[in-house]
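Spelled out, the chains give:
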Amino acid sequence: MLETIDKLLDSACGFLWGYVLIFALLGTHLYLTFLLRFPQRHFLTGLRLYFGGKGEGQISQFSSLMVSLAANVGTGNIVGVAVAVTTGGPGAVFWCMVTGVLGMATRYAESLLAIRYRVRDEKGNIIGGPMYAIEKGLKCKWLAVVFAVVTTIAAFGIGNLTQANAVSQVLSASALQVPSWITGGVMVVLIGAVLLGGLQGIARVCSTLVPTMAVIYVVGCIVILVANSDFVWPAVCRIVDSAFNPQAAAGGFIGSTIMLALQQGVRRGLFSNEAGLGSSPIVSAPSQTPNTVQHALVASTGPFWDTVVICSLTGITLTTCILAHDHISTSDGEMLTYASFATLGGFGSTMLTISLAAFVVSTVLGWSYFGERALEYLGGRRLIYPYRVLWVAVTFIGCVIPKSSIVWNFADLANGLMALPNLICMVGLSGVLVAETRKYLWEKRLYEVDESLLSEKKEEKTEKI
């Protein structure tokens, strides 16, 4: 039964992630990059705004970014990149990085729209996301419903099952040999406790956890690169060459084509930074910002940290280790990163285990919020508590499920289905994007307060819990 489900999901992913979706995603990235005059060049401005932003909202701009990064930085940066390298060759790392750079423009655009069309619920909470932009901006209710439905389902894949399954696999294979049911039990307690605090609780945990876990992981990668310094430059050359030339099976790598490298790189790039997916704008909506563009610039820095820095560093580290150590097998992508860190002995294995566990907890927390907001759009706040109970239960299931490829195929399929309505929304509202960007960025009015934001006290009727 599991084999049949796995094959069906794999076939569906192959169809969805064929030429159409890949070029739709990259095409939108490029279109928005040129349309908005390369918003990536304002990266330093986005950094300066991290702790600024005085406006109406529930959480600071920095906290909003941290929750977004918490949801983005997860197994996609560790296990996902490893899967891309083993299936698409080292060239996939290059295309993953390109997706991150171009994705900065898309993240800017979708976050701007989330602020522009955000609303209040009955309790006065500020909520938003692509479903509201599609309904209020595009005037297309049915497409907004489609996005919300797919997001509610996708949250269990990209933000729950894959994360829990990956950390369970690593802990089980580590020197600790932690049984999957124990991992599941600990995850249930941790996730359940934080969810009780709502968005503020998630923001507090993520604002501390995300920077800490990122530093620990980056230090681990740097130590590995220093230990194998003679192979770092050959690894970089191999990554670039493989991105533009078909590769025969050699040097520990499987054979791959240019299209396969491109496909895997873009797929894992989207899984990692989620630019264009429509998830991160959901947490952009409640950000304290004076206008749409200021927070959009802050949000646009996310794909840089997530993909350009962490994913690229992971890819270079893995490729270096494969070239330096003949015993490292590329047959099992999900354990490749663990094998690479294990070359440092117990220190490396422990560091990866801690990093992955922290990544997973933060991602599951961030995506729980995305799923809640999508569900609230569909049926009101009365569904949130049952959803949280189901969310915690699925976390446990993800830890103990035996066939991890089913989880990854399900996540990839859900990702693609989420991206399509969001890409349509951004292209359809390109006039709004240009108008807002011209007013606040091109005309240098970045600190001007937009009094029209949330001028209406309540626009969405939802039921109290």
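Structure's up top.
Predicted, not measured: the structure shown is a model, and the values here were computed from it.

> So what exactly am I meant to see when it comes to the overall build of the protein here?
Helix and strand counts for the protein stand at 20 helices and two strands. In terms of overall dimensions, the protein is globule-like: its C-alpha atoms have a radius of gyration of 21 Å, near the 23 Å expected for 465 residues. Here the protein holds 465 residues, and the buried ones make up 62% of them. Expressed as a percentage of contacts within the protein between residues at least 6 apart in sequence, the contacts between residues at least 24 apart total 86%. Carbon and sulfur atoms provide 67% of the accessible area of the protein, an area that totals close to 16700 Å². Looking at the protein, you have 30 positive and 27 negative side-chain charges, and the mean spots of the two groups are 7 Å apart.

> I'm lost on the state of the cysteines in this one. Help?
By definition, a disulfide is the covalent link that joins the sulfur atoms of two cysteine residues. Per the stated rule, a full pass over the model turns up zero disulfides. With no disulfide of its own, Cys-237 has Cys-321 as its nearest cysteine by sulfur position, at a separation of 17 Å. Residue classification places Cys-237 among the partly exposed positions, given a relative accessible area of 35%.

> Sorry if this is basic, but what is going on with the pattern of salt bridges here?
When charged atoms on two side chains of opposite charge get close, those side chains can pair. Inspection of every chain in the model, using the stated rule, returns eleven salt bridges. When the shortest N-O distance is used, the salt bridge between Arg-116 and Asp-450 registers 3.0 Å. Separated by 334 residues along the polypeptide, Arg-116 in helix H6 (residues 91-116) and Asp-450 in the segment after helix H20 (430-442) bring together distant segments of the chain. Glu-443 is the salt-bridge partner of Arg-445, the closest N and O atoms lying 2.9 Å from each other. Sharing partners across several salt bridges, the network here consists of Asp-121, Glu-372, Arg-373, Glu-376, Arg-381 and Arg-388.

> It is not clear to me how the side chain of Thr-307 should be interpreted in this structure. Could you clarify?
Within the secondary structure layout, Thr-307 lies in helix H15 (residues 302-324). Beyond its immediate sequence surroundings of up to four residues, Thr-307 is in contact with Cys-96, Met-97, Gly-100, Gly-269, Ser-272, Asn-273 and Ser-312.

> What is the right way to look at a nonpolar patch on the surface in this model?
Together, Trp-181, Ile-182, Val-186, Leu-190, Phe-396 and Val-400 make up a nonpolar patch on the protein surface, roughly 530 Å² of accessible area in all. If you list the elements that add at least two residues to the nonpolar patch, you get helix H9 (180-195) and helix H18 (384-400). Here the nonpolar patch takes four residues from H9, the largest share from any one element. Locating Ile-182 in the fold gives a position in helix H9.

> Where do I start with the packing of aromatic side chains in this structure?
Think of a pair of aromatic rings as described by two things: how far the centres are apart, and how the planes are tilted against each other in angle. Applying the stated criterion across every chain yields a total of 13 aromatic pairs. On the basis of an interplanar angle of 75° and a centroid distance of 5.1 Å, the ring pair of Trp-367 and Phe-370 is categorised as edge-to-face. With a gap of three residues between them, Trp-367 and Phe-370 both fall in helix H17 (residues 346-379), about one helical turn apart. Note on accessibility: Trp-367 and Phe-370 belong to one class, buried. By the ring-pair criterion, three or more aromatic residues cluster together here, those being Phe-43, Phe-304 and Trp-305. Directly above the aromatic system of Trp-442 lies the positively charged group of Arg-37, at a separation of 3.7 Å from the ring centroid.

> Could you clarify how one ought to interpret the nonpolar core in this entry?
Within soluble globular proteins, side chains that are nonpolar tend to cluster in buried spots. Ranked by internal contacts, the top residues of the largest apolar core, which has 134 residues, are Leu-113, Trp-367 and Trp-391. A per-element tally of this core places helix H8 (residues 141-173) first, with 15 residues.

> Which parts of the structure should I look at to understand a positive patch on the surface?
On the surface, Arg-37, Arg-41, Arg-438 and Lys-444 cluster together into a positively charged patch. Mapped onto the secondary structure, Arg-41 falls in the loop between helix H2 (19-35) and helix H3 (43-48).

> Explain the packing of helix H4 (residues 61-72) against helix H10 (residues 198-227) here, please?
Two packed helices can be described by the angle between their axes and the distance between those axes. In contact at an axis separation of 8 Å, H4 and H10 are set at 70° when each is read in the N-to-C sense. Of the possible angle classes, the one that applies to H4 and H10 is roughly perpendicular. Between H4 and H10, the residues in contact are Phe-62, Ser-63, Met-66, Val-67, Leu-69 and Ala-70 and Ile-202, Ala-203, Cys-206, Ser-207, Val-210 and Pro-211, respectively. Residue composition of the contact of H4 with H10, by class: ten nonpolar, two polar and no charged.

> Help me understand empty space enclosed by the protein, please; the structure alone is not making it clear to me.
Empty space among the atoms becomes apparent when a probe as large as a water molecule is rolled across them. Inspection of every chain in the model, using the stated rule, returns four cavities of 30 Å³ or more. Of the voids in this model, the largest cavity is the one considered here, and its volume is about 40 Å³. Looking at the largest cavity, the residues that line it are Ser-64, Leu-65, Ser-68, Arg-107, Ser-111, Ser-280, Val-283, Ser-284, His-295 and Ala-299. Secondary structure elements with two or more residues in the lining of the largest cavity: H4, H6, helix H13 (281-284) and helix H14 (292-300). Here the lining of the largest cavity gets three residues from one element, more than from any other, and that element is H4. Residues of the lining of the largest cavity, tallied by class, amount to three nonpolar, six polar and one charged.

> Honestly, the environment of Ala-285 in this entry has me stumped. Any pointers?
Relative to the helices and strands, Ala-285 resides in the loop between H13 and H14. Here the alpha-carbon distance between Ala-285 and Ala-114, two residues 171 residues apart in the chain, equals 5.2 Å. Contact partners of Ala-285, with chain neighbours within four places excluded, come to Ala-114, Ile-115, Arg-118, Ile-126, Ile-127, Gly-128 and Gly-129.

> So what exactly am I meant to see when it comes to H8 here?
Because an α-helix completes one turn every 3.6 residues, residues spaced three or four positions apart along the sequence face the same direction. Look at H8: 47 Å from first C-alpha to last across 33 residues, which is about the 48 Å you get at 1.5 Å a residue. Ala-154 marks the point of greatest bend in H8, at about 40°. In terms of burial, H8 is a largely internal element, 24 of the 33 residues being buried.

> I keep staring at unusual backbone geometry and nothing clicks. Help me out?
A negative phi angle characterises most non-glycine residues, just as the trans form characterises most peptide bonds. Not every positive phi belongs to a glycine, and Phe-38 is a case in point at roughly 55°. In this structure, Phe-38 sits in the loop between H2 and H3.

Rules used in this analysis
Residues numbered from 1 in each chain as written. Predicted model: local features only at pLDDT ≥ 70, side-chain atom pairs only at ≥ 80, totals over all residues. Heavy atoms only, no water. Helix = DSSP H or I, 4+ residues; strand = E, 2+ residues; numbered from the N terminus. Rg over C-alpha atoms; globule rule 2.2 N^0.38 Å. Buried < 20%, exposed > 50% of the residue type's maximum accessible area, 1.4 Å probe, protein only. Contact = heavy atoms within 4.5 Å. Areas by Shrake-Rupley, 256 points an atom, 1.4 Å probe, with all protein chains shown as cover. Lys, Arg positive; Asp, Glu negative; His and termini not counted. Charge placed at Lys NZ, Arg CZ, Asp CG, Glu CD. Disulfide = S-S within 2.5 Å. Salt bridge = Lys/Arg side-chain N within 4 Å of Asp/Glu carboxyl O. Patch = residues over 30% accessible without salt bridge, like charges linked within 9 Å, V, L, I, M, F, W, Y side chains within 5 Å. Phe/Tyr/Trp six-rings, centres within 6.5 Å; stacked < 30°, edge-to-face > 60°. Lys NZ or Arg CZ within 6 Å of the ring centre and 35° of its normal. Core = buried A, V, L, I, M, F, W, Y, C linked by side-chain atoms within 4.5 Å. Axes fitted to C-alpha atoms, helices over the stretch in contact; angles between N-to-C directions. Parallel < 35°, antiparallel > 145°, perpendicular 65-115°, else oblique. Nonpolar A, V, L, I, M, F, W, Y, C, P; charged D, E, K, R; others polar. 1 Å grid on protein atoms, 1.4 Å probe; cavity = no way out; pocket = protein on both sides within 12 Å on 5 of 7 lines; lining within 4 Å. Points joined across faces, edges and corners; volume = space filled by probe spheres on them. Expected span 1.5 Å × (residues − 1). Bend = angle between axes of the 7 residues up to and from the residue.

Purely geometric numbers; function is a separate question.
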